[in-house]
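Structural characterization, general
Below are the chains, spelled out letter by letter.
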Amino acid sequence: MTKRINLLNRNEFIVIMAVLMSVTALSVDAMIPALGQMSLDLAVTDANAIQLVISSIFFGMAFGLMIYGPLADSVGRKKSIYLGISIFLLGTLICIFATSLNAMLLGRAIQGFGSASCRVVTLAIIRDKYEGREMAKIMSLIMMVFIMVPALAPLLGQGILLFATWQAIFWFIFIFAFVGMTWMHFRQRETLAPENVRTFSFQSFFSGMIETVKHPISLGYTISAGVMFGAFVSYLSSAQQIMEIQYKLGHLFPAYFGLLAIAYGFSSFLNAKLLIKFTMEQVCKTFLSLQVVISLGFLTYSIASGGDLPFNLFYSYMLATFFCLGSLFGNFSSMALQPFGHMAGLSTSVISALQTLIAVLVGSLIGQQYNGTVQPMIAGFFVCGVITLILFLAIQRYTKNVNQVKLKN
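Quick caveat, the model's predicted, so the values are computed rather than measured. (Residues numbered from 1 in each chain as written. Predicted model: local features only at pLDDT ≥ 70, side-chain atom pairs only at ≥ 80, totals over all residues. Heavy atoms only, no water.)

On to the pattern of salt bridges, then. One pass over the full model with this rule turns up 3 salt bridges. Between E12 and R187 there is a salt bridge, and its shortest N-O distance comes to 2.8 Å. Taken together, the residues E12 in helix α1 (residues 2-29) and R187 in helix α8 (residues 166-187) connect sequence positions 175 residues apart. We classify E12 as buried; its relative accessible area is 18%. D73 is paired through a salt bridge with R77; the nearest N and O atoms lie 2.7 Å apart. Each member of the pair, D73 as well as R77, is classed as buried. (Salt bridge = Lys/Arg side-chain N within 4 Å of Asp/Glu carboxyl O. Helix = DSSP H or I, 4+ residues; strand = E, 2+ residues; numbered from the N terminus. Buried < 20%, exposed > 50% of the residue type's maximum accessible area, 1.4 Å probe, protein only.)

Attention now moves to the packing of aromatic side chains. By the definition in use, this model includes 24 aromatic pairs. Summarising the aromatic geometry, the rings of Y256 and F311 are spaced 5.1 Å apart at their centres and angled 85° between planes, so their arrangement reads as edge-to-face. Of the two residues, Y256 sits in helix α11 (residues 253-274) while F311 sits in helix α13 (residues 311-325), which places them 55 residues apart along the sequence. The aromatic ring of F229 is capped on one face by R119, whose charged end is 5.9 Å from the ring centroid. Over the ring of F13 we find K129, and its NZ or CZ is 5.0 Å from the ring centre. (Phe/Tyr/Trp six-rings, centres within 6.5 Å; stacked < 30°, edge-to-face > 60°. Lys NZ or Arg CZ within 6 Å of the ring centre and 35° of its normal.)

A word on α13. With 15 residues, α13 should cover 21 Å at 1.5 Å per step; its first-to-last C-alpha distance of 21 Å lies within 8% of that length. Listing the buried residues of α13 in full gives F311, F314, Y315, Y317, M318, T321, F322, C324 and L325. (Expected span 1.5 Å × (residues − 1).)

Here the focus is the confidence of the model for the protein chain. For any part of a model where pLDDT is low, the fine detail of the predicted coordinates should not be relied upon. Mean pLDDT over the protein chain: 85, with 95% of residues reaching 70 or higher. Summarising per-element confidence for the protein chain, the mean pLDDT is lowest in helix α6 (residues 132-146) (72) and highest in helix α4 (residues 77-96) (95). Confidence drops under pLDDT 50 across residues 1-8; counting only partners more than four residues distant or on other chains, this segment forms 0 contacts. (pLDDT = per-residue confidence, 0-100. Contact = heavy atoms within 4.5 Å.)

This is the structure we're talking about:
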């Protein structure tokens, strides 16, 4: 009976963490079907400018990520999430009543700043309870549950638009975040150990940030994840233009979008199984190499075809790409955080902020190259894949050399 109770507690923990981590995903993906209507209502004249509604939430998040880690190490994990969700709810209200693109972008940035608490603090909670390969396995299971949100969010957003305006989507997001915070309040205990409490001061934050950034292996994995995530952000920003407008999918767009998320989720589930037999490094190397080869093949075909792909080929490429990505982000985060169990909150904050800033810059650069064809996005995935693979192999060589020196000593 005790074993069963522990299993049920672990399963509920996974769901609670997935719900909190889903706040940002829901805020992004549920709004994608509404971008066309929002563009009209907010009088947006530049077709690519509406992409900022997606990328601005990540921009706000990048700054929030720097705050909640040190705060979580000082006042506790739960109080930090309470603060972040409250700020997120304020930003959601600003979005609901926005009448211009600038007001919308302000609300979205505030949403991102608040939702950063969910990303940082949930990772810190997971790190408090697990480490190494076990953490990567738990992260994969959480991602498997989490992925149902981006899989269903566009369908949800599209469904709401059938009966109401885009403001109603924001009201749903408001309720979702509030319910997640309440569930955590009653069912998740505080995980910050008394001996790991750190004073919230500029000096402690700066010293912890320097310690995190100076760790070459952690920094390498952080940059690698940021570059690869940047390609993913470029897809999120331009998905509505590509699928709904360019390929004229119309109301079918959310269904196709959701299937890609399911491919990502299946890969995360497979990653948890693979980690039983293989190391995180082996899994990442395999899927990174596969992503680069696939992107090169489809990029070559698109160039030979004049810059574009038939929808079936483009969608096949995206399914394969999402399958590769599903085994990367959880592993990269786990490997980057591995050396910092004594300050999981602060190091998670620094690592996540760097990843997100890099991703926003890379993703915005790729997204703004959209020219009515999918070639810029495929090229972006290929270049990001190559850069990430080169960095990953360099980290592996460095780690091997360090271990050899330790053995000699």
